[in-house]
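Chain and residue survey
Residue-level listing of the chains:
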Amino acid sequence: MSDNSCIFCKIAAGSIPALRVFESPDAIAFLDIAPLAPGHTLLIPRQHFQSILDVPPDVLGRLSGHLPPLARAVMKVSGATGLNVLQNTGESSGQAVFHLHFHLIPRTEEDQLGFRWNAGTYGPGEDKAMQAGLLMALKAQ
Ligand code: AMP
Ligand code: ZN
């Protein structure tokens, strides 16, 4: 399954170029064209899924199985001491390409990427209400 208008489907098909670093029957990985750090790599399934919301669990399982060796290679070659694995889902999260992908972003103590969480807090009872909502939503699936 592929989408004619999808740039990552075109990369998977080889109809537009990318600097590939990994290929398997189900997935490919290639360098991000606009890296947050040298070695910033994208891992995608060959099949077109938009995001974590529509990918079948078995496809996601196979895809994520490629993350450990890829992460080790990206860290080794980039000299990173850490790595962010990031999957954006939806425009509000920053997703720009609507073909499921994992970012592997090399990190060092000195980098200026500024990926730091502005952690919040729950008001009284809000955490329990959230827990109940999530338990119900999961039961309903
Ligand atoms: P996201 O914002 O999570 O959808 O990330 C999309 C990523 O795809 C961005 O980091 C882009 O730099 C990257 N990207 C877009 N087009 C290409 C391309 N032709 N080759 C490699 N990376 C790309
Ligand atoms: Zn696609």
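Nothing here was measured: the structure is a model prediction, and the numbers come from that model. (Residues numbered from 1 in each chain as written. Chains lettered and ligands numbered in written order. Predicted model: local features only at pLDDT ≥ 70, side-chain atom pairs only at ≥ 80, totals over all residues. Heavy atoms only, no water.)

**What to know about the site of ligand 1**
By nearness alone, 16 residues border ligand 1, and Asp32, Gly94, Ala96, His101 and His103 come closest of all. In the environment of ligand 1, an oxygen atom lies 2.9 Å from a nitrogen or oxygen atom belonging to the side chain of Asn88. Elements represented by at least two residues in the shell around ligand 1 include exactly α1 (7-13) and β2 (27-31). A total of 3 residues in the shell around ligand 1 trace back to one element, the largest contributor, which is α1. For the shell around ligand 1, the class distribution of residues is 10 nonpolar, 5 polar and 1 charged. (Near = heavy atom within 4 Å. Polar contact = N/O pair within 3.5 Å; in protein donor to acceptor, adjacent residues only side chain to side chain. Helix = DSSP H or I, 4+ residues; strand = E, 2+ residues; numbered from the N terminus. Nonpolar A, V, L, I, M, F, W, Y, C, P; charged D, E, K, R; others polar.)

**Digging into the environment of His66**
Positionally, His66 belongs in the loop between α2 (57-65) and α3 (67-78). Along the backbone, His66 and Val97 are 31 residues apart, and their C-alpha atoms lie at a distance of 20 Å. Setting aside residues up to four positions removed in sequence, His66 forms contacts with Phe22, Ser24, Asp26, Ala27 and Leu43. A distance of 3.1 Å separates polar atoms of two side chains, one belonging to His66 and the other to Asp26. (Contact = heavy atoms within 4.5 Å.)

**A look at the sheet that holds strand β3 (residues 41-45)**
The 5 strands are arranged β1-β2-β3-β5-β4 in an open sheet whose pairing can be described as antiparallel. At either end of the open sheet lies a strand with only one pairing partner, and these are β1 (20-23) and β4 (82-86). Direction aside, neighbouring strands of the sheet carry axes that sit 20° apart on average. Pairing of β1 with β2 involves 3 bridges; the strand directions are antiparallel. Within β2, the residue paired with Phe22 across the bridge is Ala29. Strands β2, β3 and β5 (102-107) of the sheet are contacted by α2, whose axis makes an angle of about 150° with β3. This element, α3, spans β1, β2, β3, β4 and β5 of the sheet and lies at about 30° to β5. (Pairing = 2+ DSSP bridges. Axes fitted to C-alpha atoms, helices over the stretch in contact; angles between N-to-C directions.)

**Observations regarding the side chain of His48**
The residue His48 is located in the loop between β3 and α2 in this model. A polar contact is formed between the side chain of His48 and the backbone oxygen of Phe98, at a distance of 3.5 Å. In this structure the side chain of His48 is engaged in a polar contact, spanning 3.4 Å, whose partner is the side chain of His99.

**Details of the nonpolar core**
Grouped together as the largest cluster of nonpolar side chains are 13 residues, with contacts concentrated most on Leu43, Leu63 and Leu104. With 3 residues, α3 is the single largest residue contributor to this core. Contacts of Leu63, omitting those with residues within four sequence positions, involve Asp26, Ala27, Leu43, Ile44, Pro45, Leu100 and Phe102. Grouped together as the second largest cluster of nonpolar side chains are 9 residues, Phe8, Cys9, Ile11 and Leu42 included. (Core = buried A, V, L, I, M, F, W, Y, C linked by side-chain atoms within 4.5 Å. Buried < 20%, exposed > 50% of the residue type's maximum accessible area, 1.4 Å probe, protein only.)

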